Amino acid sequence: MSEARLYLIPCTMGDTPVSQVLPPYNFEIVRQLRHFIVESRKSAVRFLISLDKTFPVDDCTFSELSEHTGEKEDISKLLLPLEKGESMGIISDAGCPCVGDPGSRAVEIAQKKNFRVAPLVGPNSMLMALMASGFNGQNFAFNGYLPVKNGERESKIKQLENKAYKENQTQLFIEAPYRNQKMFEAILKACKAETRLCIASGITTKDEFISTKTIAQWKKEKAPSFEKVPAIFLIYK
């Protein structure tokens, strides 16, 4: 690595073996890095050791950048190794970093400073859910987390449903796993009977669940068991 780069390093989702979802090239790159921006140090160390049990984590620097990092904090200082000509990596807690992930704040600064940003190949739950949904894959929108409060959440879901019909656009969104059941119930309450809902949870893990049904069909089904499992919700006409 002659030119310093900021590598965006995908990691596994759940207990998926690294060899199942990550190419060997990623391992070659990561083994050369000693500076990381991470969502949490604990999960990043666990991931690096899963790549290589002998990975020298004690020789590495880990700078945390999470949802708890204040908006006014100086993120640029996390990129000091790049200023010195040393490559770095960004690691999320699961899947690809910087998509629905606070790591994007560091990438924004890196782009402004004209540093090389290099995304590596790996699993992305949103794209994989879209692939398996049967919905429009040419026109879609990821909406992140929806409002938590009852009423506000149903209103937002209804807005997204209207957009799916008017713009022929697949709508994707997520929720904290412990609120998945409430989200499921809110969707059934807010959407029309003929609207289609895809639920994709535990993607790439042994408990992977992906199913597309109309709202009317979902109302006759037992809700998926996904209280502790990351899930993607997709709605379409």
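Quick note: structure is the one above.
These lines cover the structure that appears in this document, whether it is placed above or below. Predicted, not measured: the structure shown is a model, and the values here were computed from it.

## A short note on helix α8 (residues 180–190)
Every buried residue of α8 is listed here: N180, M183, F184, A186, I187, L188 and A190. Where α8 is buried, its residues meet α7 (152–167), β7 (170–174), β8 (196–201), α9 (215–220) and β10 (231–236).

## Quick notes on the side chain of Q171
For Q171, the location among the structural elements is in strand β7. Using a relative accessible area of 0% as the deciding quantity, one classes Q171 as buried. Here the side chain of Q171 touches Q169 through a polar contact of 2.7 Å, side chain to side chain. Not counting residues up to four positions away in its chain, the partners in contact with Q171 are A141, N143, L160, K163, A164, F233, L234 and I235.

## Section: the packing of α7 against α8
Taken N-terminus to C-terminus, the directions of α7 and α8 make an angle of 60 degrees; their axes are 9 Å apart at the nearest point. By the angle class used here, α7 and α8 are oblique. For the element pair α7 and α8, the recorded crossing hand is right-handed. Residues R153, E154, I157, K158 and E161 of α7 touch α8, and the partners they reach there are K182, M183, A186, I187, K189 and A190. When grouped by side-chain class, the residues that make up the contact of α7 with α8 number five nonpolar, no polar and six charged.

## Description of the packing of aromatic side chains
The final tally for this structure, using the stated rule, is seven aromatic pairs. Measuring from ring centre to ring centre gives 5.5 Å for F135 and Y236, while their planes differ by 40 degrees; the resulting arrangement is tilted. Of this pair, F135 sits in the loop between α6 (125–133) and β6 (140–145) while Y236 sits in strand β10, placing them 101 residues apart in sequence. Judged by its relative accessible area of 8%, F135 is buried. For the pair F226 and F233, a centre-to-centre distance of 6.0 Å together with 70 degrees between the ring planes defines the contact as edge-to-face. Of the two residues examined, F226 and F233, each falls in the buried class.

## What to know about the pairing of strand β1 (residues 5–9)
Judged by how many residues are buried, β1 sits mostly within the fold: four of five residues are covered. Inspection of the sheet shows β1 paired to strand β5 (residues 116–119) by four bridges, in the parallel sense. Its bridge partner being in β5, L6 is matched across the sheet by V117.

## A few points about the pattern of salt bridges
This model, assessed by the stated rule, comprises eight salt bridges. Here R116 ties to E3 by a salt bridge, and the two come within 3.0 Å at their closest N and O atoms. Of the two residues, R116 is situated in strand β5 and E3 in the segment before β1; the sequence distance between them amounts to 113 residues. One salt bridge connects D52 with R31, and the closest N-O pair in it is separated by 3.4 Å. Taken together, the residues span a long stretch of sequence, with D52 in the loop between α3 (41–51) and β3 (61–64) and R31 in the loop between α2 (24–30) and β2 (35–38) at a distance of 21 residues.

## Some points on the sheet that holds β1
The strand order across the open sheet formed by five strands is β3-β2-β4-β1-β5, and the pairing between neighbours is parallel. Looking at strand neighbours, the two that pair on one side only are β3 and β5, the edges of this open sheet. Strand-to-strand twist in this sheet, taken as the mean axis angle between neighbours without regard to direction, amounts to 25 degrees. Contacts from α3 reach β1, β2, β3 and β4 (88–91), with the element oriented near 140 degrees to β3. Each of β1, β2, β4 and β5 is contacted by helix α5 (residues 104–112), which is oriented at about 155 degrees to β1, the strand it contacts most.

## A closer look at the environment of K206
Along the polypeptide, K206 turns up in the loop between β8 and β9 (209–214). Overall, K206 belongs to the exposed group, its relative accessible area being 67%. With 60 residues separating them in the primary sequence, K206 and L146 have C-alpha atoms 28 Å apart.

Definitions and limits used
- Along each chain, residue indices are assigned from 1 in the same order as the chain's sequence is written.
- Note on the predicted model: pLDDT of at least 70 is required for a residue's local features to be given, and 80 or more for side-chain atom pairs to be given and counted; whole-chain, interface and lining totals, by contrast, use all residues.
- The basis for every side-chain value is the complete set of heavy atoms in the structure, and neither hydrogens nor water enter the calculation.
- We call a residue buried when its accessible area falls under 20% of the maximum for its residue type, exposed when it is over 50%, and partly exposed in between, using a 1.4 Å probe and counting protein chains only.
- Think of it this way: any DSSP run of H or I at least four residues long counts as a helix, any run of E at least two long counts as a strand, and we number them from the N terminus.
- Contacts: residue pairs with any heavy atoms within 4.5 Å of one another.
- In protein, a polar contact means a hydrogen-donor-capable atom and an acceptor-capable atom, both N or O and within 3.5 Å, with residues adjacent in sequence counting only if both atoms are side-chain atoms; elsewhere, any N or O pair within 3.5 Å suffices.
- Fitting a line to C-alpha atoms yields each axis, with helices limited to the stretch in contact; the angle taken between N-to-C directions then spans 0 to 180 degrees.
- Here is the rule for angles: anything less than 35 degrees is roughly parallel, anything more than 145 is roughly antiparallel, 65 through 115 is roughly perpendicular, and the remaining ranges are oblique.
- With the far helix as reference, a near helix turned anticlockwise by less than a right angle produces a left-handed crossing, and one turned clockwise produces a right-handed crossing.
- Each residue is assigned to one class: nonpolar for Ala, Val, Leu, Ile, Met, Phe, Trp, Tyr, Cys and Pro, charged for Asp, Glu, Lys and Arg, and polar for all the others, Gly among them.
- Pairing of aromatic side chains requires ring centres within 6.5 Å, counting the rings of Phe and Tyr and the six-membered ring of Trp. Pairs whose planes differ by under 30 degrees are stacked, by over 60 edge-to-face, and all others tilted.
- Two strands form a pair only when DSSP identifies at least two bridges running between them.
- We count a salt bridge whenever a side-chain nitrogen from Lys or Arg sits within 4 Å of a carboxyl oxygen from Asp or Glu.

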